Amino acid sequence: MYAVVTLVIFMCLAVTTHADHHQPCHPPNMTGMMTVMTLKGELKAVGVFTYDSMGNKLRFRSNESQYTNTSLELDLLMFFDEGIFYEIDSKNQSCEKKSLQSTLHPLEISSDAKFISTIRAGSASIEGEGIKANVWSGQIPGEIKGHYTMSVTMGCLPLGFLQSSESSTFIVSTMEIETEIKDPDLLVVPSFCEGLPAEETPEGTYSNLNKVSNVWIINDWFEFVFDLKRGRAEEIPSCLGSRALPPADPENVKEMIAAQDLQTDYQFPHEADSQLSSDTDFEDPEVKNAKAGRGVAAKRGKKATGEKAKGGGAGKVPALGWVNGHHQENGTEKMTLFEVVKMGKSATQSVVDDWIEAYKHDRDIALLDLINFFIQCSGCRGTVTPEMFRHMQNSEIIRKMTEEFEEDSGDYPLTMSGPQWKKFRISFCDFIGVLVRQCQYSIIYDEYMMDTLISLLTGLSDSQVRAFRHTSTLAAMKLMTALVNVALNLSINMDNTQRQYEAERNKVIGKRANDRLELLLQKRKELQENQDEIENMMNAIFKGVFVHRYRDAIAEIRAICIEEIGVWMKLYSDAFLNDSYLKYVGWTMHDKQGEVRLKCLTALQGLYYNRDLSARLELFTSRFKDRIVSMTLDKEYDVAVQAIKLLTLVLQSSDEVLTAEDCESVYHLVYSAHRPIAVSAGEFLFKKLFSHRGPEEEGLPRRGRQSINGSLIKTTVFFFLESELHEHGAYLVDSLWECASELLKDWETMISLLLDEPMPGEEALSDRQETALVEIMLCAIRQACECHPPVGRGTGKRVLTAKEKKSQLDDRTRITEMFAVALPLLLAKYCVDIDKVTNLLQIPKYFDLDIYTTGRLEKHLDSLLRQIWEVVDKHTDVEVLEACSTAYHDLCNEEFTIFNRVDIARSQLLDELVDKFNRLLEDFLQEGEEPDEDDTYQVLSTLKKISAFHNAHDLSKWDLFTSNYRLLSTGLQNGDMPEQIVIHAMQCTHYIILWHLAKLSEGGSSKGDMVTLRKQMRAFCLMCQRYLNSINTTVKEQAFTILCDLLMIFSHQIMSSGREQLEPLVYTPDSPLQAELLNFILDQVFIDLDDDNNSTDGQQDDEASKIEALHKRRNLLAAYCKLIIYNVVEINTGADIFKQYMRYYNDYGDIIKETMSKTRQIDKIQCAKTLILSLQKLFNEMLSELGCNFDRSSSAFCGIKELARRFSLTFGLDQLKTREAIAMLHKDGIEFAFKEPSPQGEGNPPLNLAFLDILSEFSSKLMRQDKRTVHVYLERFMTFQMTLQREDCWLPLISYRNSLQAGGDDDTMSVMSGYSNRGSSIRSKKSKPATACKRKLPEEENSCSSSDAVWMNREQNVQTPVMMHSPHLTSTAVRDPKKMRPEDTSYTATYTMPSEQHPHQPVPLQQQPHHHHQTAIDYNTQVTWMLAQRPQAETRQQQDRVGMQYAKMRTHMQQAIRRGTGLMEDDEEPIVEDVMMSSEDRLEDINEGMDFDTMDIDLPASKNRRERSELKPDYFDPSSIMDDSVLNVPMF
């Protein structure tokens, strides 16, 4: 009964619930005592148990020394995953093997269990007199109605288990638990039990399938076992009878098999029943082979459509076997091991069991199947045959398999995308782990299987084929991890055996059992031998695979190695957590690839998280601490985040490791724009500054000025003020929000610190500290109410969960209730402080205004309105006044009952301000009197207040337009109006017009209102235009900004969205206004820094002032560019903007480029004409400065040509879209080049002929047939004498003609053949037939295309020659790279970019068109010069071809390189580089000399392209992985 009482007490104790999401824990290996009794107190069994949590095995033996009133003598060995158990009779050397399909047992929490609560037995206040436990509950799955409840310790040790069903109730209690397996042999099937067939139990073979957890569950395994032992079958409930499988629904079966937590397999409904097999490797192979095919054997069959699998009953299935790597049964070929693992439908346990059975039957065939498994997992289509396995070495096999790779694909299973292949990687790793676990007691020690497997993986890992190397490295590392687990278990067993031996030997001689001593000595010897053998295997893998592959050229392979060595050090720290292994992690932290550095940090986090392990990392920490600190600035954000988290763990392990400088390097990251980095840095800051509490803080109140939070809030303020480079309180609050939200939400303490007087001896906050506290308080309020990061940190607002929404509402309620009372007091105290008042007045924005009514807080509302009135009366600062205006706007909401109260207060305030302004204005503008400074100040302050309120409130009923317009007019007439008055008068008038327009847009206004607005708007625009000529720069900037805004608002866009009634308000600027706006931009924006005296107020040395001035100029330029983009002003006015693109690229390049892009979308042709116009303007400016005899190598001319090249790049690669625009650009350029005759008379080149050299930059953008048309248009301006000129001054013409002919016409001949054979037929080439889906060529239409003739048809005297047949155009960007030939230049010139050339160097003529007006003497004139220039022409043609292939085909060529060189990257860069955000400091040399020997495997001569000769020569050179600074430097 004591067990019943104990459990009842457990369930009746006080429960402490938690809001955390609990997940079922996994128990450790255990040994202890167990009792089973009924609720009536009948004791069923008492005994000791041994439980293997990894293998899910349980051994229970009744304790004969324990007094019980039962005669049970139980010895049970249960395998829950296999669904079998053994009843063992050790005295008679006999046993029975029976089916037990169950995973529900009292030692492990089921995956579908529900967390109930956390309980504490005993006393929570008395140390050592209480125990804390978690209680879990769940429903019994299947037909049986019932439930179970179990309690476990915080370390997942079971305490009690209560199962209640309709038939019975059992209570299981455990005690004296030790977390180790003292005798692993207890979990091994005795030799006299091997080979026994499994007997069917009375309950039937199957139980119902639980759809929630997808596991096979029986009602109560204890009830079944003990009732069966006592022969009480008649008491077994009928619900435990034979049960059938669910209906054979293929989809249900598919989902059930694919479930990740399916531990036990079953056969399909149409297959015969079979019994379950053991997962051990000790059973007799013949007996196991006689069992029904289960797992892989039951699922590998390939059946024809509609054919059902044939199978017999238990014990009737023939022996299994493998032939040529394929599993066979009954002569039917089965799926390979690779296919079974890839499908993922079979439990890994059953797959391994079948392989073990096959290995015991014929180990060579089974091992061959395993070898082919790894070969096929690498993506190789080859198969290792038995002959190859018997007669060839591993190197020969690998060489043979290398030839079998798919040449056209670089993918293999581990790199393929898709959910199937992601699952395959998991199944692949699980298979290796389960294989070693199932073989750990016998097979791995047979000196055959593991030796062969390790040798194969070592050879594959050294292959030059990436797929082999990657797959085998992953397999070897997972194999090593599994062996580490085996070695750890052996080490534990050795320690236990040693302790037992010492305990037995220390007994007195009379009680000492010598036979037990001998047995323990023999057992220790066997364990030591096994340990040595496992260590030899691990050494072979480590030295043969790890030490070579951790510096592999492939980052993913290196990452695998580092990830696994971290697992080894964490699992088996006694063997691996030392400097010999830690150095590899330290070295690899300098890896070039971020994913490898990330694995290093995550591996170290697992070590530093355990305080016991972190104490053994002191030497490593001291050696590599600086590197870890520097990685917080890593250019990969994920690496930086993990580096900060690692430093947080280091900080927790020891406060003395990190210096103040180390901590400061992390502190400033709380202001990072990348939120994960900032949050991690905030957690580090919180752990460092806020987690340590001294003894003097114990017993302090939780809230208030004297509370613990009070000191922590002060610490936050001090930190915020000390980080002088950052003034972003919102960023600091957001960084600390996840770890210190409770502190930041303690607004009560913040208010107390601001309002309450300091206690005696307490230091009061300074004014600067109070200002910082107010800002932090406002940021915390904003964060709580908006629930999203500040601007610049985060992608935007996210959808809040129900819990977050509730928290948000609760916080708003608290804020309103607290600050509705405190805010008037705070405003009264800090009424004259600009910064504090500005922040405090933003708090009402986050109020829940209903609380003013429901909470009866109207008197506090009146107090708040009075304080805002006083602030308006006392301040003239614009920020404060705008904050007051916003506060009134937030409080004056018609949806709430407080609206009338606030509206009355607002109207009274505005009435007073307007009356005061009108009265002061009359005195101020009175004729004959000079206003004094006091009058000016009064007018300005009142105007500021009215303007600030007009921004958020409609003041139309006060008719302020007349007063402001009168003030502006007087300022223009007299010219002595103070600039601030003019600026605010403009701003106020601007608001008046916008509010008037808003009313008209809503409808309901009369026609007279629209006429009034039209007059006011035009009069005000004219006023602003006149102010553009003001001598005051600030006034001009204000006038320009307002004028641009009004032109945008009242442009043709105003009629969009169904507002056609506003058409009379459309205002289009005339030419004088456009000219004035453009001149303002040229005078005020495009200026040198030395000339910008007005914008910086004489503070050129002040960087902040310069940045602010630049920001202002960028806003002015953007305002004008918007007028261009929205077609408010003519697009050609942008020519003066575009010509500044190169000169002011750093300041305005992004704005100008975006403007060009938008104008091209509006009108491609007009944009192209504007670009060429900007180049013409620059050319004319150069001529005016340098004269007509300028040097084409001068910086001015080269700058214009470079600008033309940049303009050309903006047209992109789609020539068809820009066809008309480019043609028009060339037309305008040609006309400009020949527009002005030579000032030196006839016979000399035109004045602007050099412009053709600039125009040639756009020739590559012409389509082939368009080049011919442009060339004809060029000849219209040329005379016969121009074609004969070869002087340097004519080189631009020659160069431009060449650019129009290079690759332009396939039906034209070279210069020599063209002039020597004029009149002869022109050679023809084959042309591809035009399809319906492609555009027709001009020759097929027998006329120029419509786009060709857009501008040519305008010139009636230009005759376009008949175009000959030319090949169909094919862009090299989409051409198959395999079909590209170096000699094929007919298409490569389509996109060839013109190369840079010295202006004085003659441009070789490649081709000349055939012209009928030329004579035979032309040939004699040209041929000598052409022969001399022909080598240069060939060189340039080759360079153009190479440049085109690199610039236009880089992506396709990289793919071709991968195909040609195989699965290896051919362009690997050195791995170690500077990977920091701030890269001024060089990396520290941190490595030691090592031997970089690598196995050489000879490959066949030419059958496989993945040969050593085609790899980089430095592939096996360590310098390709780490630079010289990392090598040859000892670590310790």
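Residues numbered from 1 in each chain as written. Predicted model: local features only at pLDDT ≥ 70, side-chain atom pairs only at ≥ 80, totals over all residues. Heavy atoms only, no water.

Draft legend 1. Structural detail: the environment of Asp-552. Turning to its location among the elements, Asp-552 is positioned in the loop between helix H14 (514–549) and helix H15 (555–571). Polar contacts involving the side chain of Asp-552 include one to the side chain of Arg-469, which spans 2.5 Å. (Helix = DSSP H or I, 4+ residues; strand = E, 2+ residues; numbered from the N terminus. Polar contact = N/O pair within 3.5 Å; in protein donor to acceptor, adjacent residues only side chain to side chain.)

Draft legend 2. Summary view of helix H24 (residues 708–722). In a regular helix each residue adds 1.5 Å, so 15 residues correspond to 21 Å; H24 covers 21 Å between its end C-alpha atoms and thus fits that length. With 11 of its 15 residues buried, H24 lies for the most part within the structure. For H24, the full list of buried residues reads Ile-708, Asn-709, Gly-710, Leu-712, Ile-713, Lys-714, Thr-716, Val-717, Phe-719, Phe-720 and Leu-721. Taken together, the buried residues of H24 touch helix H22 (660–667), helix H23 (675–689), helix H25 (729–744), helix H26 (747–755) and helix H27 (767–786). (Expected span 1.5 Å × (residues − 1). Buried < 20%, exposed > 50% of the residue type's maximum accessible area, 1.4 Å probe, protein only. Contact = heavy atoms within 4.5 Å.)

Draft legend 3. The nonpolar core, seen in detail. Residues Met-777 and Ile-1137 are the most contacted members of the largest nonpolar core, which totals 317 residues. If you tally residues by element for this core, the top one is helix H13 (residues 466–505), at 15 residues. For Met-777, the contacting residues outside a window of four places in its chain are Trp-747, Met-750, Ile-751, Leu-754, Phe-819, Leu-826, Leu-840 and Ile-843. In terms of nonpolar packing, the next biggest core, distinct from the first, is built from 29 residues, Met-34, Phe-49, Phe-60 and Ala-113 among them. (Core = buried A, V, L, I, M, F, W, Y, C linked by side-chain atoms within 4.5 Å.)

Draft legend 4. Spotlight on the side chain of Thr-970. Following the sequence through the fold, Thr-970 ends up in helix H35 (residues 961–974). Residue Thr-970 is classed as buried on the basis of its relative accessible area of 17%.

Draft legend 5. Geometry of the state of the cysteines. Across all of its chains, the model carries two disulfides by this definition. Each sulfur in the disulfide pair Cys-25 and Cys-156 lies 2.0 Å from the other. The sign of the 85° torsion about the S-S bond sets the Cys-25-Cys-156 disulfide as right-handed. Placement of Cys-25 in the loop between strand E1 (15–16) and strand E2 (30–38) and of Cys-156 in the loop between strand E10 (146–153) and strand E11 (158–165) is noted, with a sequence separation of 131 residues between them. Take Cys-156: its relative accessible area is 4%, and that puts it in the buried class. What pairs with Cys-95 in a disulfide is Cys-193, and their sulfur atoms sit 2.1 Å apart. Taken together, the positions of Cys-95 in strand E7 (residues 94–99) and Cys-193 in the loop between strand E12 (169–178) and helix H2 (221–229) put the pair 98 residues apart, joining distant regions of the chain. Look at the protein chain and number its bonded cysteines as they come in the sequence; the links are 1-3, 2-4. (Disulfide = S-S within 2.5 Å.)

Draft legend 6. Just a negative patch on the surface, in detail. A cluster of acidic side chains, namely Asp-185, Glu-526, Glu-529, Asp-532 and Glu-535, defines a negative patch on the protein surface. Asp-532 sits in the partly exposed class, given a relative accessible area of 33%. (Patch = residues over 30% accessible without salt bridge, like charges linked within 9 Å, V, L, I, M, F, W, Y side chains within 5 Å. Areas by Shrake-Rupley, 256 points an atom, 1.4 Å probe, with all protein chains shown as cover. Salt bridge = Lys/Arg side-chain N within 4 Å of Asp/Glu carboxyl O. Lys, Arg positive; Asp, Glu negative; His and termini not counted. Charge placed at Lys NZ, Arg CZ, Asp CG, Glu CD.)

Draft legend 7. Structural view of the packing of H22 against H23. Their axes nearest at 9 Å, the elements H22 and H23 cross at an angle of 140°. By the angle between their axes, H22 is oblique relative to H23. Where H22 abuts H23, its residues Cys-663, Val-666 and Tyr-667 lie against Ala-681, Phe-684, Leu-685, Lys-688 and Leu-689. In terms of residue class, the contact of H22 with H23 is built from seven nonpolar, no polar and one charged. (Axes fitted to C-alpha atoms, helices over the stretch in contact; angles between N-to-C directions. Parallel < 35°, antiparallel > 145°, perpendicular 65-115°, else oblique. Nonpolar A, V, L, I, M, F, W, Y, C, P; charged D, E, K, R; others polar.)

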